[in-house]
Amino acid sequence: MKVRRAGDAALLVETGDLATSHRLDTAFRDAAPPGIVDVVPGERTVLVVTEPGTDLDRLAALLPGLPLPDDAAGGADPVEIPVVYDGDDLDEVARLTGLSRDEVVDRHASADYTVAYLGFSPGFAYLTGLDPALHVARRESPRTAVPAGSVAIAGPYTSVYPSRSPGGWRLLGRSGLALWDVTRDPPSLLRPGTRVRFVREEQR
Amino acid sequence: MIEVVRTGPLTTVQDLGRPGHAHLGVPHSGAADARALRLANRLVGNPEGAAGVEFTLGGAALRFHASAWIAVTGAPAPLRIGGRAYGANSPCHVPAGALVEFGLPASGLRSYLAVRGGVTVEEVLGSRSTDLLSSLGPDPLKPGDRLPVGPARDLGDITVDVAPVPPIPDTPVLRVLPGPREDWFSRDALETLTSTPYTVTPDSNRVGVRLDGPPLARARDGELSSEGMVTGALQVPPSGLPIIFLADHPTTGGYPVIAVLASPSLPAAAQLRPGQTIHFRL
């Protein structure tokens, strides 16, 4: 693993792939070396942000010796997210993919997903594992407001909008599950490495 | 209790932000010039992380309904208490009912008010800061808002009359450390960055300082996989014009970071005004 400096208070570790990012993230949190402020996994990296004045050389030297767990999720059950598939973009996604509406829904609801990383807005998880047939570009002009709970796809990812925000992803449906709640600890139901399944719910 | 009478261009409550939640997509946030907020808090005997008020280009007025000790730091906004001028970087007593007014600073961008006892609006994820990227924390202040002030009984004494603070330079020089993605740029990009002046553009905000100047050329095409971003990162979008990430920057990003500000240069970056010329050096 190549270790890069991100300024004088952070290391950017190149892990090569997502699974290793998640394992290193877990290993770092378990080892909890002093002076760590944030550990942020990315697709092929883990960013480690430290308190100013932390010895980065010493921290980098710890890395090769960290025992990486086999399974970053620690064998936890997947989080099940109930979805009513009645999104505004279902027809367009069907047209773009050459699938029927039902096939789009079946393929989205039958895959196993993993949270790659969070970003864009608090609690917004980029889930990998989307059926390649459903890889479509984001909308050319983003919506100014996407309701919280909207289940959407863009590129190789799917996500659930954790709060109301602007957004350019294609909407497939909606979930009533509260993914983000600032009064909860942790506030996000999803974190990097969490496994996720979508469960189809009938229209209510 | 403090009543907001006028706000100027942008006035927010800020403490030292929300570290520790970046993996959940929560920006660090907090005072853009954290050094100035810490100083203001120390001057009135507060813990350094107490919440205060961040003013952008001054222009605000606050009515104090109870007497208080305050200190104003950061961009030197002319300060008037009950119509009388007071100096910056110094504890000042505010009598009950007095109006505290902040003028337009002659240099810098952001001024900080600490009040003994701290501003005690409700915490969100352990912080009272307004995060303008993700809308966490209180909304930006508007006339009529009322800010509660915490108790002063367990605080230390006020022991300093005035803190010496160097003036904000007209043409700041910001020190950068190359990387983590300098290898995504042509060999002369870092040389360009550190030898040519850049100008701060008006679309700068608490998320980032946007710059105009010679574009930084890429050595490779394609997209970087999304990765964690630090405060002070110089992220380079396809335009080639770097953006300095400030307190409310996104936690992850897909554009390469050519260099990161050295920590001591972060306060200077937070004080950059639109139109100002800056230099980077290694």
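These figures come from a predicted structure and were not determined experimentally.

J.: I keep staring at the overall build of chain B and nothing clicks. Help me out?
T.: Secondary structure summary: chain B contains three helices and 20 strands in total. At 19 Å, chain B has a C-alpha radius of gyration in line with the 19 Å of a compact globule built from 282 residues. In terms of overall dimensions, chain B has a C-alpha envelope of 60 × 40 × 30 Å along the principal axes. Within chain B, buried positions represent 52% of all 282 residues. When contacts within chain B are restricted to residue pairs at least 6 apart in sequence, long-range pairs at least 24 apart make up 77% of them.

J.: Help me understand the environment of M229(B), please; the structure alone is not making it clear to me.
T.: Residue and element names in this part refer to chain B. Note on placement: M229 falls in the loop between strand 15 (227–228) and strand 16 (233–235). A sequence separation of 162 residues divides M229 from S67, and the C-alpha atoms of the two residues are 42 Å apart. Other than its neighbours up to four places away in sequence, M229 contacts Q235, F245, H249, P250, T251, T252 and G253.

J.: When you look at the domain arrangement of chain A in this model, what are you seeing that I'm missing?
T.: Interface extent is often summarised as the accessible area lost during association of the parts. All names here are of chain A. Domain parsing of chain A yields domain 1 (2–65) and domain 2 (79–201). Distance from the C-alpha centre of domain 1 to the C-alpha centre of domain 2: 29 Å. Taken together, the contact between domain 1 and domain 2 spans seven residues of the former and five residues of the latter. Among the elements that line the side of domain 1 that touches domain 2, the one with the most residues is helix 1 (residues 18–31), at four residues.

J.: Help me out: how do you make sense of the UniProt feature "domain: Carboxyltransferase" (unreviewed entry) in chain B in this one?
T.: Following the UniProt record, one finds the feature "domain: Carboxyltransferase" (unreviewed entry) at residues 23–282 of chain B. Counting secondary structure, residues 23–282 of chain B comes out at 8% helix and 28% strand; the distance between its end C-alpha atoms is 30 Å.

J.: What exactly am I supposed to notice about helix 1 (residues 34–43) of chain B here?
T.: All names here are of chain B. Within helix 1, nine of the ten residues are buried, which leaves the element mostly enclosed by the surrounding structure. On the buried face of helix 1, the contacting elements are strand 2 (10–14), strand 3 (52–56), strand 5 (68–74), strand 10 (110–115) and helix 3 (266–270). Positive backbone phi, approximately 80 degrees, marks G45, located one or two places after helix 1.

J.: Looking at this model, I keep getting lost on the environment of E80(A). Mind explaining?
T.: All names here are of chain A. Tracing the backbone shows E80 in strand 5 (residues 79–84). Overall, the presence of 11 C-beta atoms within 10 Å leaves E80 in the exposed class. Taking the C-alpha atoms as reference points, E80 and F198, 118 residues apart in sequence, are found 5.8 Å from one another. In this structure, E80 is in contact with R197 and V199, ignoring residues within four places of it in sequence.

J.: In this structure, what is going on with the sheet that holds strand 1 (residues 2–5) of chain A? I would like to understand it.
T.: Picture the strands of a sheet paired through backbone hydrogen bonds; they go either parallel or antiparallel. All names here are of chain A. Reading across the sheet, the four strands line up as 1-2-4-3 and stay open at both edges, with antiparallel pairing between neighbours. Either end of the sheet is taken by a strand with one partner, and the two such strands are strand 1 and strand 3 (36–41). Averaged over all adjacent pairs, the angle separating strand axes in this sheet is 20 degrees, with direction ignored. Sheet topology places strand 1 next to strand 2 (residues 10–14); four bridges connect them, and they run antiparallel. Paired with R5 across the bridge in strand 2 is L11. Running over the sheet, helix 1 touches strand 2, strand 3 and strand 4 (45–50) and is turned about 165 degrees from strand 3.

J.: I tried to follow the nonpolar core on my own but got confused; where do I start?
T.: When a protein is soluble and globular, its nonpolar side chains tend to lie buried together. The biggest cluster of nonpolar side chains holds 125 residues, and the ones touching the most others in it are A40(B), I70(B) and A114(B). No other element matches helix 1 of chain B, which puts six residues into this core.

J.: Is there a simple way to think about the interface of chain A and chain B in this case?
T.: Contacts between chain A and chain B engage 34 residues on the former and 29 residues on the latter. Among the elements of the structure, strand 1, strand 2, strand 3, strand 4 and strand 6 (113–118) of chain A are those that each provide at least two residues to the side of chain A that touches chain B. Here the element with the most residues in the side of chain A that touches chain B is strand 3 of chain A; it accounts for five residues. Class assignment of the residues belonging to the side of chain A that touches chain B gives a composition of 20 nonpolar, seven polar and seven charged.

J.: What should I look at first to understand the domain arrangement of chain B in this one?
T.: All names here are of chain B. The domains assigned to chain B are domain 1 (2–147) and domain 2 (173–281). Counting residues at the interface gives 20 residues for domain 1 and 16 residues for domain 2. Taken together, the residues that form the side of domain 1 that touches domain 2 break down as ten nonpolar, six polar and four charged.

J.: Teacher, can you tell me more about the UniProt feature "domain: Carboxyltransferase" (unreviewed entry) in chain A here?
T.: This chain's UniProt record puts "domain: Carboxyltransferase" (unreviewed entry) on residues 1–190 of chain A. Structurally, residues 1–190 of chain A is divided into 21% helix and 31% strand, and its ends, taken at the C-alpha atoms, are 26 Å apart.

J.: Just to check I follow, could you spell out the sheet that holds strand 5 of chain B for this structure?
T.: Residue and element names in this part refer to chain B. Strands sit in the order 2-3-10-5-8 across an open sheet of five strands; the sheet is antiparallel. Strand pairing shows two members of the sheet lacking a second neighbour, strand 2 and strand 8 (92–94), which therefore form its edges. Put simply, the sheet's adjacent strands are angled 30 degrees from each other on average, direction ignored. Bridge count for strand 3 against strand 10 is four bridges, and the pairing is antiparallel.

J.: Please explain unusual backbone geometry as it appears in this structure.
T.: The peptide bond linking D185(A) to P186(A) adopts the cis configuration, its omega dihedral lying at 0 degrees. Mapped onto the secondary structure, P186(A) falls in the loop between strand 12 (170–174) and strand 13 (195–201). In this model, G179(B) is joined to P180(B) through a cis peptide bond whose omega is 10 degrees. Mapped onto the secondary structure, P180(B) falls in the loop between strand 12 (173–178) and helix 2 (189–195). The backbone of A32(A) shows a phi angle near 40 degrees, a positive value even though the residue is not glycine. Residue F120(A) is not a glycine yet carries a positive backbone phi of 70 degrees. Mapped onto the elements of the fold, F120(A) is located in the loop between strand 6 and strand 7 (125–128).

J.: Looking at this structure, how should I read the pairing of strand 3 of chain A?
T.: The side chains of a regular strand alternate between both faces of the sheet. All names here are of chain A. With five bridges connecting them, strand 3 and strand 4 associate as antiparallel partners. Residue V39 lies in a different strand from strand 4, and its bridge partner there is V48. Here strand 3 hands over to strand 4 after three residues, the two strands then running antiparallel side by side.

Rules used throughout
- Residues numbered from 1 in each chain as written.
- Chains lettered and ligands numbered in written order.
- Predicted model: local features only at pLDDT ≥ 70, side-chain atom pairs only at ≥ 80, totals over all residues.
- Helix = DSSP H or I, 4+ residues; strand = E, 2+ residues; numbered from the N terminus.
- Rg over C-alpha atoms; globule rule 2.2 N^0.38 Å.
- Buried ≥ 20, exposed ≤ 12 C-beta atoms within 10 Å, placed from the backbone.
- Contact = placed C-beta atoms within 7 Å.
- Domains from an automatic or database assignment.
- UniProt positions renumbered as here; feature names shortened; annotations may be inferred.
- Pairing = 2+ DSSP bridges.
- Axes fitted to C-alpha atoms, helices over the stretch in contact; angles between N-to-C directions.
- Core = buried A, V, L, I, M, F, W, Y, C linked by C-beta atoms within 7 Å.
- Nonpolar A, V, L, I, M, F, W, Y, C, P; charged D, E, K, R; others polar.

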